[in-house]
Amino acid sequence: MSDISLTASMRSNLLSLQNTQSLMDTTQERLSTGKKVNSALDNPSSYYTAQSLNNRASDLSALLDSMGQGVQTIKAADEAITSITSFVQQAKAVANTARDEANKEIVSSGTYDKTAVAAGDVKGTITIDGKTQDLSVTLTDNAEGADAATAIQDAIQKVAGAEDVTVEFADGAFTVKSPAGAEVKVDIEVGGAKISGTAGNANRTKALQQYNDILSQIDQLAKDAGYKGVNLLQENDLTVIFNEDRSSSITIKGVDASSKGLGLEAATDWGTNDNIGASISQVESAITTLRGMSSEFGNNYSVVQTREDFTENLINVLTEGADKLTLADMNEESANMLALQTRQQLAINSLSLASQAAQSVLKLF
């Protein structure tokens, strides 16, 4: 207050106390915040440099989350490929087992004698899938064996709808075949030739169905391999950004891992080993394709994982650099506070001594 007069020594001690208190306030702020630069007023250069480093670290942290999700998307696709490969190997095993199952044929006992067949009906039975139906064939007096075979085959197809069942005639004997693998039982007598027995192979028919069921499972699994709306096995592409200005990235191309994309066709006829062999060839080609897909995704996974680790380390470097510009040395600030407290006590004592000169005037009264 300007109306109050202080001696020179008192004013000097007062200024010292005020400076000490100001330093104590600054030191207390550093101790409480842990920073020596809390605003641009403390050190503009350090403050704005640290702020720039922290901003970049924050931007990279957001990208780091995206990279992590990209890694998970690739892992989901890779896990699916592993499972699809198991399915394909299972399909190969089924096909190999079916190929080991030999087809049965019915060869007539006795030979066909057209003179033993009068104009009229040749009767017998046919059984397919456990269902037996009567078979009736009308032949002419002069029906040759080949004509009889055609008539019997037409009758079998008409009665049972088994279009793949064939009846052959050679050297007076009939042979019934079921190339598709369906079991066909017949009991027919025509012109002295007895056609009785079972043709085909039910195990091949079951294996064919199992093979097609596995292909269906492959299609379903490929559809279920998505992660957060991106399915790399359904030809969805994935782009992962690595830096804040989007100038560094990787695009992972999606693939078609369905049975169609792998070149696997549903089996329709495993009556011959050649047909089964064709399915096995497709399976082996699919396995090679899957291994290529797995290798490509594995390489992409490694790239994204490496960039993710690098970004984590870079964030730490940026944060550490900002801290070096702004963080306070707590040991140093604690020592400063202790020194300032001592200085404050000395200044108060000095002010007290300075005031004693003025207090001596009171002794005159």
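Relevant structure appears above.
Scope of this entry: the structure provided in the associated data block. Only a predicted model underlies this, so the values are computations on that prediction, with no experimental measurement involved. (Residues numbered from 1 in each chain as written. Predicted model: local features only at pLDDT ≥ 70, side-chain atom pairs only at ≥ 80, totals over all residues. Heavy atoms only, no water.)

**Observations concerning the overall build of the chain**
And step 1. Summing up its helical and strand segments, the chain has six helices and nine strands in all.
And step 2. For the chain, buried positions account for 36% of its 365 residues.
And step 3. The long-range fraction of contacts in the chain, counting pairs at least 24 apart against all pairs at least 6 apart in sequence, stands at 68%.
And step 4. Total accessible area on the chain is roughly 20400 Å²; 48% of this is exposed by carbon and sulfur atoms. (Helix = DSSP H or I, 4+ residues; strand = E, 2+ residues; numbered from the N terminus. Buried < 20%, exposed > 50% of the residue type's maximum accessible area, 1.4 Å probe, protein only. Contact = heavy atoms within 4.5 Å. Areas by Shrake-Rupley, 256 points an atom, 1.4 Å probe, with all protein chains shown as cover.)

**Remarks on the packing of helix α2 (residues 44–100) against helix α4 (residues 202–223)**
And step 1. Remark: α2 packs on α4, axes separated minimally by 9 Å, with the N-to-C direction vectors making an angle of 170 degrees. Taken together, the axes of α2 and α4 are roughly antiparallel relative to one another. Residues A80, S83, I84, F87, V88, Q90, A91, V94, A98 and R99 of α2 form the contact with α4, whose participating residues are R204, A207, Q210, Y211, I214, Q217, I218, L221 and A222.
And step 2. Along the lines of polarity and charge, the residues of the contact of α2 with α4 split into 13 nonpolar, four polar and two charged. (Axes fitted to C-alpha atoms, helices over the stretch in contact; angles between N-to-C directions. Parallel < 35°, antiparallel > 145°, perpendicular 65-115°, else oblique. Nonpolar A, V, L, I, M, F, W, Y, C, P; charged D, E, K, R; others polar.)

**Observations regarding the pattern of salt bridges**
If charged atoms from side chains of opposite charge come close, those side chains can pair.
And step 1. A complete count under the given rule lists four salt bridges for this structure.
And step 2. K92 is paired through a salt bridge with E284; the nearest N and O atoms lie 3.4 Å apart. In this pair, K92 sits in helix α2 while E284 sits in helix α5 (residues 273–326), placing the two residues 192 residues apart along the sequence.
And step 3. Given the relative accessible area of 25%, K92 is considered partly exposed. (Salt bridge = Lys/Arg side-chain N within 4 Å of Asp/Glu carboxyl O.)

**Brief notes about the sheet that holds strand β5 (residues 173–177)**
And step 1. Spatial ordering of the open sheet is given by β1-β5-β4, a layout of three strands whose pairing is antiparallel. In the strand order of this sheet, the two ends are held by β1 (106–107) and β4 (166–170), each with one partner.
And step 2. Across two bridges, the pairing between β1 and β5 is antiparallel. The partner of V107 across the bridge, within β5, is T175. (Pairing = 2+ DSSP bridges.)

**Comments concerning the side chain of E308**
And step 1. Relative to the helices and strands, E308 resides in helix α5.
And step 2. Despite its burial, E308 pairs with no opposite charge; the closest candidate is K75, at 9.2 Å N-O.
And step 3. Excluding anything up to four places from it in sequence, E308 contacts L64, M67, G68 and V71. (Lys, Arg positive; Asp, Glu negative; His and termini not counted.)

**Observations concerning the environment of N201**
And step 1. One can find N201 in the loop between β7 (193–199) and α4.
And step 2. The exposure class assigned to N201 is buried, which follows from its relative accessible area of 7%.
And step 3. For the pair N201 and V184, spaced 17 residues apart in sequence, the C-alpha to C-alpha distance is 8.6 Å.

**Overview of the environment of T73**
And step 1. Tracing the chain through its elements places T73 in helix α2.
And step 2. By relative accessible area, T73 is classed as buried at 4%.
And step 3. For the pair formed by T73 and L238, sequence separation is 165 residues and the distance between their alpha carbons is 8.4 Å.
And step 4. Ignoring sequence-local partners within four residues, the contact set of T73 consists of Y227, V230, L232 and L238.
And step 5. In terms of polar contacts, T73 uses its side chain to reach the backbone carbonyl oxygen of Q69, at 2.9 Å. (Polar contact = N/O pair within 3.5 Å; in protein donor to acceptor, adjacent residues only side chain to side chain.)

**Thoughts on the environment of D224**
And step 1. Structurally, the position occupied by D224 is in the loop between α4 and β8 (238–241).
And step 2. A residue is classified by how much of its surface remains accessible, and D224, at 63% relative accessible area, is exposed.
And step 3. Through-space distance from the C-alpha of D224 to that of A76 is 9.4 Å; in sequence the pair is 148 residues apart.

**Topic: the nonpolar core**
And step 1. The biggest cluster of nonpolar side chains holds 50 residues, and the ones touching the most others in it are I84, V88, Y211, L233, L262, L264 and W270.
And step 2. When residues in this core are grouped by element, the largest group, 16 residues, is from α2.
And step 3. Judged by nonpolar contacts, the second largest core, of 24 residues, contains Y112, V167, V184 and I188. (Core = buried A, V, L, I, M, F, W, Y, C linked by side-chain atoms within 4.5 Å.)

**Quick notes on unusual backbone geometry**
And step 1. In this structure, E235 takes a positive phi of about 65 degrees despite not being glycine.
And step 2. Under the relative-accessibility criterion, E235 is labelled exposed at 54%.
And step 3. The phi torsion at R246 lies on the positive side, around 65 degrees, for a residue other than glycine.
And step 4. Mapped onto the elements of the fold, R246 is located in the loop between β8 and β9 (249–252).

**A short note on the side chain of S279**
And step 1. Mapping S279 onto the fold places it in helix α5.
And step 2. Of the residues examined, S279 reaches a relative accessible area of 6% and is grouped as buried.
And step 3. Separated by 3.1 Å, the side chains of S279 and W270 make a polar contact.
And step 4. Excluding residues that lie within four positions of it along the chain, S279 makes contacts with Y211, A267 and W270.

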